[in-house]
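Residue strings, one per chain:
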Amino acid sequence: MKSRTKILIVGGYGNVGHFIVADLAKDYSGDLIIAGRDLLKAQVTAKKFGDKVSAKVSAKVLDVNCNVFQEEAFSDVKLVIMCID
């Protein structure tokens, strides 16, 4: 079984990031991962899309100041979109 292509949107729950996720989720059939320091914000944003879009939208923690990096959570990511200033 072929795995779905993943796009990581860093800061995808912010003002700009939310619009990028919304636009991608309409037509993209792969996985969209909303990531940032605040897991709760990422989860709330991901839940807004639910089953209403063709993409599978999920949330992960990503913090460069943290010593723990869950590499497996971000494996097979084909594109990273940075929505942070």
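Residues numbered from 1 in each chain as written. Predicted model: local features only at pLDDT ≥ 70, side-chain atom pairs only at ≥ 80, totals over all residues. Heavy atoms only, no water.

Trainee: Got a minute to help me understand the overall build of the protein in this structure?
Mentor: Scanning the protein from terminus to terminus reveals two helices and four strands. For the protein, the α and β elements follow one another from N to C terminus as β-α-β-α-β-β. Relative to its full complement of 85 residues, the protein shows a buried share of 34%. Pairs at least 24 apart in sequence give 72% of the contacts found in the protein among residues at least 6 apart. Summing over all exposed atoms, the protein offers an accessible surface of approximately 5,900 Å²; the carbon and sulfur share of this is 53%. (Helix = DSSP H or I, 4+ residues; strand = E, 2+ residues; numbered from the N terminus. Buried < 20%, exposed > 50% of the residue type's maximum accessible area, 1.4 Å probe, protein only. Contact = heavy atoms within 4.5 Å. Areas by Shrake-Rupley, 256 points an atom, 1.4 Å probe, with all protein chains shown as cover.)

Trainee: Is there a simple way to explain the environment of Gln43 in this structure?
Mentor: Positionally, Gln43 belongs in helix α2 (residues 39-49). Its relative accessible area of 35% is what places Gln43 among the partly exposed residues. As a C-alpha pair, Gln43 and Ser58 span 15 residues in sequence and 7.0 Å in three-dimensional space.

None of the figures reported here should be taken as evidence of function without further support.
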